[in-house]
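Commentary on secondary and tertiary structure
Residue-level listing of the chains:
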Amino acid sequence: MTGQQLRLGLIVLAVVALGLIGYLVFGLMHGDVTSGTGQYAVTVTDHDRTMGSSSAPVVIVEYAAPTCPHCAAFDMEILPLIKKTFIDTGKVYYVFRVFPLSPVDSAAEAIGRCLSKENYFPFIDQLYRNQSRWDPDGYDIPDVHAALVAMGVGAGLSAQKVDTCINDTSSRNAIDKVGTDAESKYGIDGTPSFLVNGELRVGESTWADWQDYLNKRLASK
């Protein structure tokens, strides 16, 4: 090897090293987390809305729809118990993703995306607890748009801002992409669906079932 070749080799190694350092630094800064001891590998990014510590041993990704009554039941009856027992204690990192079943779901999520991260989950919770006020799936809502605007105003947005959020094409496209990615990557076709460390879990479960299931996942760590 000539001196010139040696210098070139050292330069290449330096560039690779800098690239690796940059990836590690900026990757950690952006908070991306990859989970997948089961069938699927799932990457959590800054676009996701989350609760808990990203270093928790178990990652739950929920795919839900604001108009889904079973999702509402999970939000009101089971998620608070999971939060208290597993999320707040650092055992579970919870990720929420909207899987739109209709344009109404996309519109509701678009409003939520205009709120701060701190106000996002309270808004989703209010949507679930008040489905009878805005959800046309199962309820007689004469003006769905006006009902969604009212929900947004109740969360602190102006009516004009709510309309701007709903009509934001780039936001709506990003929301719809979450749904199409869920179908193509994980075979998800309904709500609620969950990926727990890459293992698909579909449908309703009781708190006892969830507690047993998560304790088993934790015991295997």
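Counting restarts for each chain: residues are numbered from 1 in the order of the written sequence. Only residues with pLDDT of at least 70 are given local features in this predicted model, and only at 80 or more are side-chain atom pairs given and counted; all residues enter the totals for whole chains, interfaces and linings. With hydrogens and water excluded, all non-hydrogen atoms of the structure serve as input to the side-chain values.

**Regarding the packing of aromatic side chains**
Any two aromatic rings considered together are summarised by their centre-to-centre distance and by the angle between their planes. A pair of aromatic rings is counted whenever rings of Phe, Tyr or Trp (Trp by its six-membered ring) have centres within 6.5 Å, and the orientation is called stacked for planes under 30 degrees apart, edge-to-face for over 60 and tilted otherwise. Scanning the model with the defined rule gives 11 aromatic pairs in all. Ring centres of Tyr94 and Phe121 lie 6.1 Å apart, and the angle between their planes is 45°; this geometry places the pair in the tilted category. Taken together, the residues Tyr94 in strand E5 (residues 92-98) and Phe121 in helix H4 (residues 117-129) connect sequence positions 27 residues apart. With relative accessibility at 2%, the residue Tyr94 sits in the buried group. Centroid distance Tyr120 to Phe121: 5.4 Å. Interplanar angle 75°. Geometry classified as edge-to-face. When a residue's accessible area, from a 1.4 Å probe over protein chains only, is under 20% of the maximum for its type it is buried; when over 50% it is exposed; and in between it is partly exposed. Residue class for Tyr120 comes out buried when judged on its relative accessible area of 0%. By relative accessible area, which is 16% here, Phe121 ends up buried. Strands here mean DSSP runs of E at least two residues long; helices mean DSSP runs of H or I at least four residues long; both are numbered from the N terminus.

**Remarks on the state of the cysteines**
To count as a disulfide, a pair of cysteine sulfur atoms needs to be within 2.5 Å. Per the counting criterion, the structure on display carries 1 disulfide. Cys114 shares a disulfide with Cys165; S-S distance 2.0 Å. Here the S-S torsion is close to -120°, and the disulfide linking Cys114 with Cys165 is therefore left-handed. Of this pair, Cys114 sits in the loop between helix H3 (103-113) and H4 while Cys165 sits in helix H7 (residues 159-166), and the two are 51 residues apart along the sequence.

**Things to note about the pattern of salt bridges**
What makes a salt bridge here is a side-chain nitrogen of Lys or Arg within 4 Å of a carboxyl oxygen of Asp or Glu, nothing more. By the definition in use, this model includes 6 salt bridges. Across the pair Arg113 and Glu109 runs a salt bridge whose closest N-O atoms are separated by 3.0 Å. Here the residue Arg113 and the residue Glu109 both occupy positions in helix H3, the gap between them amounting to 4 residues, near one helical turn. Assessed through its relative accessible area of 18%, Arg113 is described here as buried. According to the relative accessible area criterion, Glu109 is buried, its value standing at 3%. A salt bridge links Asp181 to Lys177; the shortest N-O distance between them is 2.7 Å. Taken together, the residues Asp181 and Lys177, both in helix H8 (residues 169-186) and 4 residues apart, mark about one turn of the helix.

**Some remarks on the environment of Ala174**
Residue position: Ala174 is located in helix H8. With a relative accessible area of 30%, Ala174 lands in the partly exposed category. A C-alpha to C-alpha distance of 9.6 Å links Ala174 and Ser106, two positions 68 residues apart in sequence.

**Things to note about the nonpolar core**
Core analysis: the biggest nonpolar cluster contains 44 residues, and Ile60, Phe96, Trp210 and Leu214 have the highest contact counts within it. Examining the composition of this core, we find that 8 residues originate from one element, helix H2 (residues 69-87), more than from any other. Beyond its immediate stretch of four places on either side in the chain, Trp210 contacts Ile60, Phe74, Ile78, Ile82, Phe194, Val196, Arg201 and Ser205. For the purposes of this section, nonpolar cores are sets of buried Ala, Val, Leu, Ile, Met, Phe, Trp, Tyr and Cys residues that join through side-chain atoms within 4.5 Å. Formed by 15 residues, the second largest nonpolar core is a distinct cluster that contains Val95, Val178, Ala182 and Ile188. Contacts are assigned to residue pairs that have any heavy atoms within 4.5 Å of one another.

**Concerning H2**
Think of an α-helix as 3.6 residues a turn; residues three or four steps apart then line up on the same face. In a regular helix each residue adds 1.5 Å, so 19 residues correspond to 27 Å; H2 covers only 23 Å between its end C-alpha atoms and thus falls short of that length. Along H2, the residues that are buried comprise Cys71, Ala72, Ala73, Phe74, Asp75, Ile78, Leu79, Ile82, Phe86 and Ile87. In this analysis, the expected span of each helix is defined as 1.5 Å times one less than the number of residues it contains.

**Observations regarding H3**
Across the 11 residues of H3, 10 count as buried, placing the element largely inside the fold. The complete set of buried residues in H3 reads Val104, Asp105, Ser106, Ala107, Ala108, Glu109, Ala110, Ile111, Gly112 and Arg113.

**Focus on the packing of H3 against H8**
Note on geometry: axes are lines fitted to C-alpha atoms, helical ones only across the stretch in contact, with angles between N-to-C directions running from 0 to 180 degrees. At a minimum axis distance of 9 Å, the contact between H3 and H8 shows a crossing angle of 115°. Considering how the two elements wind past one another, H3 and H8 form a crossing that is right-handed. Counted together, Pro103, Ser106, Ala107, Glu109, Ala110 and Arg113 of H3 and Ser171, Arg172, Ile175 and Asp176 of H8 form the full contact between these two elements. Looking at the contact of H3 with H8, its residues break down into 4 nonpolar, 2 polar and 4 charged. By convention, the crossing between two helices is left-handed when the near helix turns anticlockwise from the far helix through less than a right angle, and right-handed when the turn is clockwise. Amino acids outside the nonpolar list (Ala, Val, Leu, Ile, Met, Phe, Trp, Tyr, Cys, Pro) and the charged list (Asp, Glu, Lys, Arg) are all regarded as polar, and Gly is one of them.

**Thoughts on unusual backbone geometry**
Cis geometry is found at the peptide bond from Thr191 to Pro192, where omega equals -5°. Position of Pro192 among the secondary structure elements: in the loop between H8 and strand E6 (193-196). Positive phi values are uncommon outside glycine, yet Asn197 reaches one of about 50°. Mapping Asn197 onto the fold places it in the loop between E6 and strand E7 (199-202).

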